[in-house]
Amino acid sequence: MKGVYWAWGAVLGDLAVFMGPLPHATSDAAFVQLWLLHAGSCAILATSSLVLMPSKNRATLHWTWLLLFCFAAIAPVLGSLCILLISYTTLRQALDVHNHAKPQTVALPEFEARSQQTSRAGQGAIRSRLTAQVPSNVRMQSLLTLQAVPSRVANPILESLLGDETDDVRLIAFGMLDAEEKKLSVHIHQEQKNLETPLSSRARYDCLRHLAELHQELIYAGLAHGGLKTHNLNQAWKYLDMVLAMDEQHACGIYFLKGRILLAQGETQQARDAFTFAMQLGQSPASVLPYLAELAFEQRAFATVHAHLQNLAQLQVASRTTAIVDIWTGRDSVLRFRDRRILQHI
Amino acid sequence: MPTADSVDVLLLLEGTFPYVAGGVSSWVNQIIRGFPELRFGAIFIGSRPQDYGDMRYALPDNLVHLEVTYLYDDLGGSDIRPTKVQADKTVMAEVKDLHDLLHANMAHPDCGRLFASLMDQAHPCGALSRETFLHSEAAWKQIKDGYRRYSTDPSFVDYFWTIRIMHAPFWRLRAVAERCPQARIYHSISTGYAGILGVLLKHRNQRPFILSEHGIYVKERKIDLYQAQWIKDNRTVFEHDPSQVSYYRQLWIRFFEHLGYLTYQASDHIVALYEANRQRQLIDGAPSERTSNIPNGVDVERFGALRSQRSEGVPPVLCLIGRVVPIKDIKTFVRAMRIVVDRMPHAEAWIAGPEDEDPSYAAECHDLVERLELQASVKFLGFQKLTDILPKVGLVVLSSISEALPLVILEGYAAGVPTVSTDVGSCRQLVYGLPGADEAIGASGRIVRIADPEALAQASLELLSDPVVWKQTSDAGIARVEKYYAQHMLFDRYRALYEQGFAWQA
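As the structure is a computational prediction, the values presented were derived from the model and not from experiment.

### Structural notes on the pairing of strand E2 (residues 40-46) of chain B
All names here are of chain B. Most of E2 sits out of view: seven of its seven residues are buried. Both faces of E2 are covered, namely the face carrying Phe40, Ala42, Phe44 and Gly46 and the face carrying Gly41, Ile43 and Ile45. Sheet topology places strand E1 (residues 6-14) next to E2; six bridges connect them, and they run parallel. Bridged to Leu11 within E2 is Ala42.

### Thoughts on the interface of chain B and chain A
How big an interface is tends to be reported as the loss of accessible area on association of its parts. Contact with chain B, which involves 30 residues of that partner, is made by 35 residues of chain A. Our count for the contact surface shared by chain B and chain A stands at seven salt bridges. B:Glu364 is paired through a salt bridge with A:Lys182; the nearest N and O atoms lie 3.1 Å apart. Only helix H8 (217-227), helix H12 (330-343), helix H13 (359-371) and helix H18 (453-465) of chain B provide two or more residues apiece to the side of chain B that touches chain A. The element contributing the most residues to the side of chain B that touches chain A is H8(B), with five residues. When the residues that make up the side of chain B that touches chain A are grouped by side-chain class, the tally is 11 nonpolar, four polar and 15 charged.

### Overview of the pattern of salt bridges
As a working rule, side chains carrying opposite charge can pair if their charged atoms are close by. Enumeration according to the criterion identifies 43 salt bridges over all chains in this entry. For A:Glu213, the salt bridge goes to A:Arg209, with nearest N and O atoms at 3.2 Å. Residue A:Glu213 and its partner A:Arg209 are located together in helix H10 (residues 201-220), separated by four residues, close to a single helical turn. We classify A:Glu213 as partly exposed; its relative accessible area is 29%. For A:Arg209, a relative accessible area of 23% corresponds to the partly exposed category. In this structure, B:Lys141 engages B:Asp145 in a salt bridge whose closest nitrogen and oxygen atoms are separated by 3.2 Å. Taken together, the residues span about one helical turn, with B:Lys141 and B:Asp145 both in helix H5 (residues 137-150) at a distance of four residues.

### Considering the packing of aromatic side chains
Residues and elements named next belong to chain B. Enumeration over the complete set of coordinates arrives at 38 aromatic pairs over all chains. The interplanar angle of 70° and the centroid separation of 5.6 Å between the aromatic rings of Phe35 and Phe491 together place this pair among those described as edge-to-face. Of this pair, Phe35 sits in the loop between helix H1 (23-34) and E2 while Phe491 sits in helix H20 (residues 487-505), and the two are 456 residues apart along the sequence. For the pair Phe35 and Phe491, one class covers both residues: buried. Judged by centre distance (5.7 Å) and plane angle (80°), the ring pair of Trp230 and Trp252 falls under edge-to-face.

Criteria and cut-off values
Residues numbered from 1 in each chain as written. Chains lettered and ligands numbered in written order. Predicted model: local features only at pLDDT ≥ 70, side-chain atom pairs only at ≥ 80, totals over all residues. Heavy atoms only, no water. Buried < 20%, exposed > 50% of the residue type's maximum accessible area, 1.4 Å probe, protein only. Helix = DSSP H or I, 4+ residues; strand = E, 2+ residues; numbered from the N terminus. Pairing = 2+ DSSP bridges. Contact = heavy atoms within 4.5 Å. Salt bridge = Lys/Arg side-chain N within 4 Å of Asp/Glu carboxyl O. Nonpolar A, V, L, I, M, F, W, Y, C, P; charged D, E, K, R; others polar. Phe/Tyr/Trp six-rings, centres within 6.5 Å; stacked < 30°, edge-to-face > 60°.

None of the figures reported here should be taken as evidence of function without further support.
Below is the structure:
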């Protein structure tokens, strides 16, 4: 806003010139001096007023300046005051417009915390868009979409693409799987290095527990099969045994992990015992009940499945699990199977 | 370093011989030594000096000229304050036309000619000097216009620097073209920057230009770029669509596709190692009538002599011959060894190849060996002479995720060693043969899916534990390499190509 001070300065200067002795002098020199000082004031005023103009009036810069200069020159002091008055008015209007354009507070859109969208791109949909008959650009897009899909779901699909006939698809699938495996391997390597250093009892406990979890995660994410799966399970057991030997307070999480490792090994009875014990120790039923239901389902004990899911229905669970709970407990609003557009858990 | 004013064949080599060991480099070495009557020259194009060590090959006597150039060395510029440069309006209009053609109609007949003629003006006194690109108002305006027209990424800063770094090598290549010795034939071993140098040299000197591709350069760059972590994606969380490749990734992919297309269009002969690669070249823009297949070949007599050095029985040694780099997927081999050793405790894995190309990957492999408790069974031997190790191994194993026509399989065959390989490149054809008489020879090993340690281990155990099957595959390998992949066949085909080129010259 320094332009305003210059403009007011020019008006005051012009006023001083015409209130002073020069208008009363009769010499040619005084006349020239008067008009030079007046012209200078007008030029300063025109230039500084130009800065105050809204941008749309500054398009024809030279003509606008000339107009302002002439206006100020023809009517000394009064013309200048009029220019400033007009500038102020237009400036204020522009500012008002600006104020109105300020972003208004709007209500936040409603997001469901347990978004349904993530599961819409189900395995079946993605798999169908990755078959060899699909155009290569669509396949590539679908493949890249897997980056946003949980690894437990994405990895088996990526694994099936390792034998694809198209080099690009095969190699990108490999790259994505390799990156997943590398993430876990880096953590395992770090924890193993930590284990070699002197650690407090608590830190050693955490380190061993992480190692057991990471080896189990390799299996859960579908990154180890056959002999390697056995090796990783053995490693997980090795670390878990060491944790259990240190675990005097019987942390529920350790028994929950034990249940998951046993489940991966196919030891269903022992897995159920471990899960039940973990729940007794305080493990959240929302995390244990789906496993117990799964074990009961594998043994075809459907009444038990129903009972577990009935208990689960009282709890806050992920949308994917909710769909299963809804079907088993009759909470599902879709009456006929053919009306069901998607099965979210598939 | 040898220098000469003129050569018969000038080889254009990007990231291979003589500074990088590997299949392509061995092939280059083989070709130079296979034509002692010809005077060869070579231009090595690398990224930065620190990315390469010493020469990995002794230079053949008939390599009379070698020049080394680095595309991304010393890009920092000088301390001299740059001054504004006035660009030639006609040339800048041509640059704009070229980019429009590359975007909309790459197949236009003017596209290649325009590119080569503009490249030719990219010298210090030319109308398209480096200074014009860096310090002219017209170049700045063209970058701004490009950003506004095409970029879907919000960051102009990233766009500006991507365009600058993308174009930087052209001035280096133009300078190399100026210094090159006279040649009767230009022969590039890849598209990419080496291919573009070939395009320029052909345009300037009107000599035949041969392109021999082992892998498909554009495909390999694409796969690298899809997974590259250094490429930025500045889309906000609301703009981000995981199924859409980020703009700069697309830009780099298109850049290499354009280089590949322009190289194919300028080449007089385009050679692939096998049919699937030739088909891929056609998809990428190679004119069908200029393409052909010439498979690799090995010195059967030299490697055949090793058979007499073999001891009785099948040595329980699985040998992976190759650099310790991600593309060889050494980790899958190590994982497979966990399964092999569980069932055949005395089995050993040898990894014979240099580890200095990607030290972090080599470290990962060593860590994996430790994690899988295989220190006693897996040995990293470093670079080895094949004639020393092949008589002692039972299987040549290849766990690569990408290959073309691997020489090590053929060398193993000649030495009587069957192979277990992943199903990449032409490996299936090398193991089971092409339909017809080749297939009738029988399997000379086993083929498994990539990244499948279980399958790799099973196939290896099957061959190692059954001497009869092993002998059958070994005999089939010897018969196959002698009949279809002998070195003299390779030389005969290239001799015909070179003679055609020389005759054109006359």
